[in-house]
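Coordinate analysis (summary)
Single-letter residue listing:
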Amino acid sequence: MKNKMKHFINLKDIPSKDLRKIITDAKKRKNARKKLNNLEVDNGEPLKGKLLVQMFEKSSLRTRLSFYLAIKQLGGSTLTLRPDELHLSKGGESIEDTAKILSNFGNAFMLRTSSDEKLKEFRKYLSIPIINGLSPSSHPTQILSDVFTIEEIKKKPISKLNITWIGDSNNVLNSLIVASIKFSFKLNIGCPKNYEPNQKIINYIKSNKNKIFIYNDPKKAATGADVILSDKVISMNDKGDKIKKLNHFKKFRIDKKLMNFAKKDCIFLHCLPRGTEVDENIFSNNQSKVWLQALNRVHVQKSILLYCFGRLR
Ligand code: CP
Ligand code: NVA
């Protein structure tokens, strides 16, 4: 098992063919359990006896619940640790020793963290897979699941669709940018001046064949879109002046007028939780697929877990 084991920290480090395999597996698994209840186990119990340890240094609803159901549906179980109850958070134990214990007691570790460095440190010392459940720089499980949702709804490979992001250049967008390169889809980004992706991401875009366009005009970004995605203007990691930032995003609010620049059958997605970046009547109308989007995370987390365990069909 150990040599087949894989980490899931950043989409950048995972070959496109493996990302595609995860999506294909999730599709098959979702179809195969249409009649099953949430806690019923998939045929073959592929992760029987396995323990997923989860730890959240920041709030979470969807990621927490979806990983809980994911490992249960694969025949395993989960334990959620509270960081404030560990010696690690109080400086009383090193990452190295914590990782050794996690590796001896558990079979995979899912971490939502305020520090990208911490993910790297854990990776260094763990002998079990680590999954990034959101960090300041990326949210890979969310975006892989969103690719799944888009293809499910549009019934086309994402490479044939125009994807638009309206919002902040945050962790979710960073992962969407990587997905655009890995899955080769067109990505328009609409954000205010001075809120463009950081230089590291721009360099990554430039050093890869890409179909990514950045606009400071939301209408230009939305034109011809098959899908518009957004996220809160203020992320959990944001430390600056929130009122000022929200003001800078005023013209980037997703409303009916802006949606009219997109294709007629354009869908709206949002990873949630939401803020004021989207009008209620867009969020709640039938173009919006946010609830399916959230639910699909269970199916994709399962295939991510199987990938990490080297057990993808
Ligand atoms: N979208 C998402 O990751 O939601 P949570 O923060 O609730 O896990
Ligand atoms: N960008 C948001 C995503 C929440 C799921 C944040 O980091 O707070």
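Sequence order sets the numbering: in each chain, residues are counted from 1 along the sequence as written. All chains are assigned letters beginning with A, and all ligands numbers beginning with 1, in the order in which they are written. With pLDDT at 70 or above as the cut-off, local features in this predicted model cover only qualifying residues; side-chain atom pairs require 80 or more to be listed or tallied, and sums for whole chains, interfaces and linings still use all residues. Only hydrogens and water are set aside when side-chain values are computed; all heavy atoms of the structure are taken into account.

**Some thoughts on the overall build of the chain**
If you tally the helices and strands in the chain, you get twelve helices and nine strands. Whereas a compact globule of 313 residues would reach a radius of gyration of roughly 20 Å, the chain reaches 19 Å, a difference of no more than 12%. Its C-alpha atoms give the chain principal-axis dimensions of about 55 × 45 × 35 Å. Classification of residues uses two cut-offs on accessible area relative to the type maximum, computed with a 1.4 Å probe and protein chains only: under 20% is buried, over 50% is exposed, and between them is partly exposed. Considering the chain as a whole, with its 313 residues, one finds that 54% of them fall into the buried category. Contacts were defined at the residue level, with two residues in contact if any of their heavy atoms lie within 4.5 Å. For the chain, the share of sequence-separated contacts (at least 6 apart) that also reach a separation of at least 24 residues comes to 74%. In short, Shrake-Rupley with a 1.4 Å probe defines the accessible areas, and a residue's cover is counted only from the protein chains shown. When the accessible surface of the chain is totalled, it reaches about 14,900 Å², and 52% of it is carbon and sulfur. Between the centroid of the 59 positive side chains of the chain and the centroid of its 30 negative side chains there is a distance of 6 Å. Helical segments are the DSSP runs of H or I of at least four residues, strand segments are the runs of E of at least two, and each set is numbered from the N terminus. It is over C-alpha atoms that the radius of gyration is taken, and the globule rule equals 2.2 Å times the number of residues to the power 0.38. Residues counted as positive are Lys and Arg, residues counted as negative are Asp and Glu, and His and the chain ends are not counted. For charged residues, the charge sits on one atom: NZ in Lys, CZ in Arg, CG in Asp, CD in Glu.

**Considering the site of ligand 1**
To be near a molecule or strand, a residue needs just one of its heavy atoms within 4 Å of it. In the neighbourhood of ligand 1, the contacting residues comprise Ser60, Leu61, Arg62, Thr63, Arg112, His139, Gln142, Cys271, Leu272 and Arg297. Identification of polar contacts relies on pairs of N or O atoms within 3.5 Å, with a donor-acceptor requirement for protein atoms, meaning one able to donate a hydrogen and the other able to accept it, and with residues adjacent in sequence counted only if both atoms are side-chain atoms. In the environment of ligand 1, an oxygen atom lies 2.7 Å from a nitrogen or oxygen atom belonging to the side chain of Thr63. Considered on its own, ligand 1 offers 250 Å² of accessible surface; in the complex 96% of this is hidden by protein. For the shell around ligand 1, the residue count by class is three nonpolar, four polar and three charged. All residues other than Ala, Val, Leu, Ile, Met, Phe, Trp, Tyr, Cys, Pro, Asp, Glu, Lys and Arg, Gly among them, are scored as polar; the first ten of these are nonpolar and the last four charged.

**Let's talk about the nonpolar core**
A general feature of soluble globular proteins is that nonpolar side chains tend to end up buried together. Nonpolar cores are built from buried Ala, Val, Leu, Ile, Met, Phe, Trp, Tyr and Cys residues. Side-chain atoms within 4.5 Å join them into one set. By size, the foremost hydrophobic cluster in this structure holds 55 residues, and its most contacted members are Phe8, Leu144, Ile163, Phe183, Leu187 and Leu305. Leave out the neighbours within four places in its chain, and Phe183 touches Leu19, Arg20, Ile23, Leu144, Val147, Ile158 and Ser159.

**Details of the sheet that holds strand E1 (residues 51-56)**
Here a strand pair is declared whenever DSSP counts at least two bridges between the two strands. The four strands are arranged E2-E1-E3-E4 in an open sheet whose pairing can be described as parallel. What marks the edges here is a single partner per strand, and that holds for strand E2 (77-81) and strand E4 (130-132). On average, each strand axis in the sheet is inclined to that of its neighbour by 20°, with strand direction left out of account. In this sheet, strand E3 (residues 108-112) lies alongside E1 in parallel orientation, the contact comprising five bridges. Its bridge partner lying in E3, Gln54 is registered against Met110. Throughout, an axis means a line fitted to C-alpha atoms (over the contacting stretch in the case of helices), and angles, computed between N-to-C directions, take values from 0 to 180 degrees.

**Here we look at a positive patch on the surface**
Here the term patch refers to residues with relative accessible area over 30% and no salt bridge, with like charges joined within 9 Å and nonpolar side chains (Val, Leu, Ile, Met, Phe, Trp, Tyr) within 5 Å. For this analysis, a salt bridge means a side-chain nitrogen from Lys or Arg found within 4 Å of a carboxyl oxygen belonging to Asp or Glu. On the surface, a cluster of positive charge is contributed by Lys4, Lys6, Lys21 and Arg311. Relative to the assigned elements, Lys21 resides in helix H1 (residues 16-32). Taking relative accessible area as the criterion, Lys21 reaches 42% and is therefore assigned partly exposed.

**Brief notes about the site of ligand 2**
Taken together, the neighbourhood of ligand 2 is formed by Leu134, Asn170, Asn171, Val172, Asp231, Ser235, Met236 and Leu272. Within the side chain of Asp231, a nitrogen or oxygen atom sits 2.6 Å from a nitrogen atom of ligand 2. Contact distances for ligand 2 include 2.7 Å between a nitrogen atom and a side-chain N or O atom of Ser235. Isolated, ligand 2 exposes 270 Å² of accessible area, and the fraction of that covered by the protein chains is 94%. The class makeup of the residues in the shell around ligand 2 is four nonpolar, three polar and one charged.

**As for the packing of helix H3 (residues 95-105) against helix H4 (residues 116-125)**
Direction vectors running N to C along H3 and H4 enclose 55°, while the axes themselves pass 8 Å from each other. The orientation of H3 with respect to H4, classified from their angle, is oblique. The way H3 lies across H4 gives a crossing that is right-handed. Touching Ile95, Glu96, Thr98, Ala99, Leu102 and Ser103 of H3 are Lys118, Glu121, Phe122 and Tyr125, all from H4. In terms of residue class, the contact of H3 with H4 is built from five nonpolar, two polar and three charged. Working rule for angles: under 35 degrees goes down as roughly parallel, over 145 as roughly antiparallel, 65 to 115 as roughly perpendicular, anything else as oblique. Handedness of each helix crossing follows the sense of rotation of the near helix against the far helix: counterclockwise by less than a right angle gives left-handed, clockwise gives right-handed.

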